[in-house]
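Take a look at the letters that make up each chain.
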Amino acid sequence: MNTHDDNQDRLRQFVREALPPVELKLDRDLWPAMLRRLDEKQATTVPWFDWALGAGLIGLAALFPASIPLFLYCL
Amino acid sequence: MQNEPSSVLREFQHGSFDAFEVLFREHQGAVFGWILRIVRDPAAAEELTLDTFYRIHQAHARFEPARGFEGWSRRIATNAALDWMRRRTNEVELPADVAAPTKGDPAVSEEIRRKTAAAFERLAPKLRVAATLAVIEGMAQKEVAEALGISVAAVKLRVFRALRLLRKDLEQQGIRP
């Protein structure tokens, strides 16, 4: 039709030639890997109440420094 | 456990792990295939399939059963693939085992193919994804728009910009498409 459209088609052809569509089927069940992934993530995730407890203890130690030895003794 | 699709979707939304397993087993192949089309690397596609389903598992409460699982999972998979593409650096070469053997147009030399592939890899991830799906995979723009969560007009713009940048890059290398 016009040169611009021809050029666009040519460029699209270049891209399709350089990167042909990928056709590959998944050849294994990923569920066992998914279970491992979920376990790993759960193991590395610190529950919110642990953060809250840590923050509370730090706050308490900042407000009442004299309580620090008591905490250390309880550990 | 009932295996009726709608009930599985509702159970998944309410946090049922059994329902998540059913959906995983049913959709893992499709999600893998979708990601592979974008990232073109089978090992990365497997990792990203797991990443996608982890995100899906975490976001179960936000899932709307009425809208179906496939489109939602595809959107999440696209975002996971985009994140991966943004993280990846200095990896221009494509895995040799992925690209289907092409008979090839004799007018397009091996050097042009290689330079075009390298120039394509240099595009910004969001442009590359749109161009991959629309130009290489030949998907309808509406389908691309749904997967990317953008409008059809935005898809057209991204593909246009991708091709314009690609042309400029190739011209700088002495290739005039």
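All values derive from a computational prediction rather than experimental measurement.

Let's shift gears to the overall build of chain A. Assigned secondary structure in chain A consists of 4 helices and 0 strands. Starting at the N terminus, the α and β elements of chain A follow one another as α-α-α-α. For 75 residues, the compact-globule formula gives about 11 Å, and the C-alpha radius of gyration of chain A, at 30 Å, lies well above that figure. With respect to the principal axes defined by its C-alpha atoms, chain A has extents near 85 × 35 × 15 Å. Across the 75 residues that make up chain A, the buried fraction comes to 11%.

So, on to helix α6 (residues 125-136) of chain B. Residue and element names in this part refer to chain B. Buried residues dominate α6, accounting for 10 of its 12 residues. Turning to α6, its buried residues number three or more, namely L127, R128, V129, A130, A131, T132, L133, A134, V135 and I136. Directly after α6, the chain includes G138, whose backbone phi takes a positive value near 65°.

Attention shifts here to the interface of chain B and chain A. Taken together, the contacts link 35 residues of chain B with 26 residues of chain A. When residues of the side of chain B that touches chain A are traced back to their parent elements, those giving at least two are α2 (17-39), α3 (42-58), α5 (110-121), α6 and α8 (152-172) of chain B. Looking at the side of chain B that touches chain A element by element, the count peaks at 8 residues for α2(B). Of the residues contributing to the side of chain B that touches chain A, the split by class is 19 nonpolar, 7 polar and 9 charged.

A word on the nonpolar core. For soluble globular proteins, the rule of thumb is that nonpolar side chains tend to be buried together. Residues B:I35, B:V39, B:A130 and B:A131 are the most contacted members of the largest nonpolar core, which totals 40 residues. At the level of secondary structure, the elements contributing two or more residues to this core comprise α1 (3-18) of chain A together with α2, α3, α4 (69-87), α5, α6, α7 (141-148) and α8 of chain B. It is α6(B) that contributes the most residues to this core, 8 residues altogether. When we break this core down by domain, the ones giving at least three residues each are domain 1 (5-87) and domain 2 (110-172) of chain B. Setting aside residues no more than four positions away along its own chain, B:A130 makes contact with B:V144, B:L148, B:V155, B:R158, B:V159 and B:A162.

What follows covers unusual backbone geometry. Residue and element names in this part refer to chain B. Positive phi values are uncommon outside glycine, yet R40 reaches one of about 60°. Along the chain, R40 turns up in the loop between α2 and α3. The class for R40 is buried, based on 22 C-beta atoms found within 10 Å.

Here we take up α4(B). Residues and elements named next belong to chain B. Helix length check: α4, at 19 residues, gives a terminal C-alpha distance of 27 Å against a target of 27 Å (1.5 Å per residue), a fit within 8%. All of the buried residues along α4 are S73, R74, A77, T78, A80, A81 and M85. Down the axis, α4 shows its buried residues gathered within 165° of arc, on one side only. Away from its buried face, by an angle of more than 90 degrees, α4 presents the exposed residues R86 and R87.

Right, let's talk about the packing of α4(B) against α7(B) for a bit. All names here are of chain B. Here α4 crosses α7 at 70°, and the two axes come no closer than 7 Å. In terms of their interaxial angle, α4 and α7 are classed as roughly perpendicular. Here α4 contributes G71, R74, R75 and T78 to the contact with α7, which in turn contributes E146, A147 and L148.

All names here are of chain B. Between α7 and α8, the least distance of the axes is 8 Å, while the angle of their chain directions is 100°. Compared by their axis directions, α7 and α8 come out roughly perpendicular. In contact with Q141, K142, V144, A145 and L148 of α7, α8 contributes V152, V155 and K156. Of the residues contributing to the contact of α7 with α8, the split by class is 5 nonpolar, 1 polar and 2 charged.

Another aspect to go through is the domain arrangement of chain B. All names here are of chain B. Assigned domains within chain B: domain 1 (5-87) and domain 2 (110-172). Summarising the inter-unit geometry, the C-alpha centres of domain 1 and domain 2 are found 24 Å apart. Looking at the side of domain 1 that touches domain 2, the elements that each hand over two or more residues are α2 and α4. At 7 residues, the largest contribution of residues to the side of domain 1 that touches domain 2 is made by α4. Of the residues contributing to the side of domain 1 that touches domain 2, the split by class is 3 nonpolar, 2 polar and 4 charged.

What counts as what
Residues numbered from 1 in each chain as written. Chains lettered and ligands numbered in written order. Predicted model: local features only at pLDDT ≥ 70, side-chain atom pairs only at ≥ 80, totals over all residues. Helix = DSSP H or I, 4+ residues; strand = E, 2+ residues; numbered from the N terminus. Rg over C-alpha atoms; globule rule 2.2 N^0.38 Å. Buried ≥ 20, exposed ≤ 12 C-beta atoms within 10 Å, placed from the backbone. Contact = placed C-beta atoms within 7 Å. Nonpolar A, V, L, I, M, F, W, Y, C, P; charged D, E, K, R; others polar. Core = buried A, V, L, I, M, F, W, Y, C linked by C-beta atoms within 7 Å. Domains from an automatic or database assignment. Expected span 1.5 Å × (residues − 1). Arc of directions from axis to C-beta. Axes fitted to C-alpha atoms, helices over the stretch in contact; angles between N-to-C directions. Parallel < 35°, antiparallel > 145°, perpendicular 65-115°, else oblique.

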